[in-house]
Amino acid sequence: MWVTWGRAVKLLRSQLQQWRPLCLGREYLCLGKVDTPSAKPPWNVLFFGTDHFAVESLKVLSTSRKSDDPVVQTLEVVALSGDVPVKRFAHQNSLPVHSWPPDISHRQFDVGVVVSFGCLLPQKLISKFPFGILNVHPSLLPRWRGPAPIFHTIMQGDEVTGVTVMQIRPHRFDVGPILSQEVYHIQKKLTSDELGEVLAVKGAEMLIDTLKNLCEKLQNKKEQNTMGTTFAPKINKSLSWLVWEEQTTESIDCLSRAIGSRIPLRTLWMGRTVKLLDYVGRCHNVVPDGSGKLLPGSVFYLKESNILSVRCKDGWVGFRSVLLKKRLTAADFYNGYLHQSVKSPYGQPAHGLFVSGRTLQPNDDNSEHKINVTTRPT
């Protein structure tokens, strides 16, 4: 009896020596034998992504496989349908591509990485990764949860932002515990495109650092603060309508830098939509003597600088061209529309009035967005 028990203890000790700590899902449990996934790099990674922001992280992961001290051993990609940048990069670099949702086996990959993917991940998928799924998010969570944090950061005039590497939780966006977070101080006049490029590089660097020290990062993860949560929904054309009576020069500047490269700012001229292009910023010394107090939306043509200057709540902003039926320079708009519709005293610049918005009709070319913008009295 005692001999049998002693042998059992020795056998148990021998088995225990083969065991090692394994990070499993959200907890750290000593559950893995030597034939389980390794608790240190290099990792077998499945990457989920779509756009150019995601490609930067995918590039760094791909490069890591070939380094002297690799963080990634195998790398495969999940991409949505269509010719998205992540899928193009994967094909160009001979990375296997899975369609969404991926058909993978339990523990086929050690860890998942999500960057700008746009689909909620279910628990049954997350549980297939022993170390869970990480997400690179371009904001200081919990500020700007959602699909468009960079646009809202610029649009709201934030002076500080950053990148968060967090752990994905099922069926919810951007609520998981934080593994790593770094601050970035935004330079003045930075556009959303420029900020996206900066944060994409920073996010890729942080991702590699997190994967190098994954078990330590998971052990020290922290839940997000319940205070200071803001949301960053997708941008749409409704944001582009200017409300001259309410928006300041600063808010129009932020809006232009946030969405101007994708969605031109808009207003109305004599009932017709005008897209305002080539924003130049705040204008000074616009109003000639004797013009009196001008309404928001008043537009002057400044011949010396070839700019259309528009009155807003607290000043004037300028544009070098517009799109009406076709693209027109400021001079073209003045000659074809502004000068023809407004008679000005001799020697004074001609000026008219842009109207601040409208309600789109069902037959409008933008009606698919279902935008309702209140028409402002002038």
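Only a predicted model underlies this, so the values are computations on that prediction, with no experimental measurement involved.

Caption draft 1: Broad picture of the side chain of S321. Along the chain, S321 falls in strand β14 (residues 316–323). Within the local environment of S321, its side chain forms a polar contact with the side chain of R327, the two groups lying 3.4 Å apart. Ignoring anything within four residues of it in the chain, the contact list for S321 reads K275, L276, L277, D278, R327, L328, T329 and A330.

Caption draft 2: The pairing of strand β6 (residues 111–115), seen in detail. Within β6, five of the five residues are buried, which leaves the element mostly enclosed by the surrounding structure. The alternating pattern of β6 places V111, V113 and V115 on one face and G112 and V114 on the opposite face, and all of these are buried. Here five bridges tie strand β3 (residues 43–49) to β6, and the two strands are oriented parallel to one another. By the bridge assignment for β6, F48 is matched with V114. For β6 and strand β7 (residues 133–137), the ladder comprises four bridges, and the chain directions are parallel. Opposite V115, over in β7, you have V136 as the bridge partner.

Caption draft 3: A look at helix α8 (residues 249–259). Burial within α8 is extensive, with nine of its eleven residues counted as buried. Regarding α8, the residues found buried are T249, I252, D253, C254, L255, S256, R257, A258 and I259. For α8, the secondary structure elements touched by its buried residues are α5 (149–155), α6 (192–212), β10 (265–269), β11 (272–283) and β14.

Caption draft 4: Main features of the packing of aromatic side chains. As enumerated under the stated definition, the model contains 14 aromatic pairs in all. Centre to centre, the rings of W244 and F354 are 6.5 Å apart; their planes meet at 20 degrees, and the pair counts as stacked. Placement of the pair is W244 in the loop between α7 (214–219) and α8 and F354 in the segment after β16 (351–353), with a sequence separation of 110 residues. No difference in accessibility class separates W244 from F354, as the two residues are buried. Judged by centre distance (5.6 Å) and plane angle (20 degrees), the ring pair of F333 and Y337 falls under stacked. With F333 and Y337 both in helix α9 (residues 330–341), this residue pair falls four residues apart, about one helical turn. On the basis of relative accessible area, Y337 is assigned to the partly exposed category, the value being 21%. Ring pairs connect the aromatic residues F48, W100, F109, F117 and F129, which therefore count as one cluster.

Caption draft 5: A look at the sheet that holds strand β5 (residues 97–98). Reading across the sheet, the seven strands line up as β5-β4-β3-β6-β7-β8-β9 and stay open at both edges, with mixed pairing between neighbours. Either end of the sheet is taken by a strand with one partner, and the two such strands are β5 and β9 (178–185). Sheet topology places β7 next to strand β8 (residues 160–167); four bridges connect them, and they run antiparallel. Bridge pairing in β8 places L134 opposite Q167.

Caption draft 6: Just the environment of L121, in detail. Summarising the element assignment, L121 is placed in the loop between β6 and α4 (123–126). Given the relative accessible area of 3%, L121 is considered buried. Along the primary structure L121 and I168 are separated by 47 residues, whereas in three dimensions their C-alpha atoms are 8.0 Å apart. If near-sequence neighbours (up to four positions away) are discounted, L121 is found in contact with W100, V114, I126, I133, I168, P170 and H171.

Caption draft 7: Summary view of unusual backbone geometry. A cis geometry characterises the amide bond from P41 onward to P42, with omega recorded as 5 degrees. Structurally, P42 is set in the loop between β2 (27–32) and β3. The step from L141 to P142 runs through a cis peptide bond, and the omega angle for that step is 15 degrees. By the element assignment, P142 lies in the loop between β7 and α5. Phi angles above zero are rare outside glycine, and S116 is one such case at about 50 degrees. By secondary structure assignment, the location of S116 is in the loop between β6 and α4. In this structure, N306 is a non-glycine residue whose phi angle is positive, near 55 degrees.

The rules behind these values
- Residues numbered from 1 in each chain as written.
- Predicted model: local features only at pLDDT ≥ 70, side-chain atom pairs only at ≥ 80, totals over all residues.
- Heavy atoms only, no water.
- Helix = DSSP H or I, 4+ residues; strand = E, 2+ residues; numbered from the N terminus.
- Polar contact = N/O pair within 3.5 Å; in protein donor to acceptor, adjacent residues only side chain to side chain.
- Contact = heavy atoms within 4.5 Å.
- Buried < 20%, exposed > 50% of the residue type's maximum accessible area, 1.4 Å probe, protein only.
- Pairing = 2+ DSSP bridges.
- Phe/Tyr/Trp six-rings, centres within 6.5 Å; stacked < 30°, edge-to-face > 60°.

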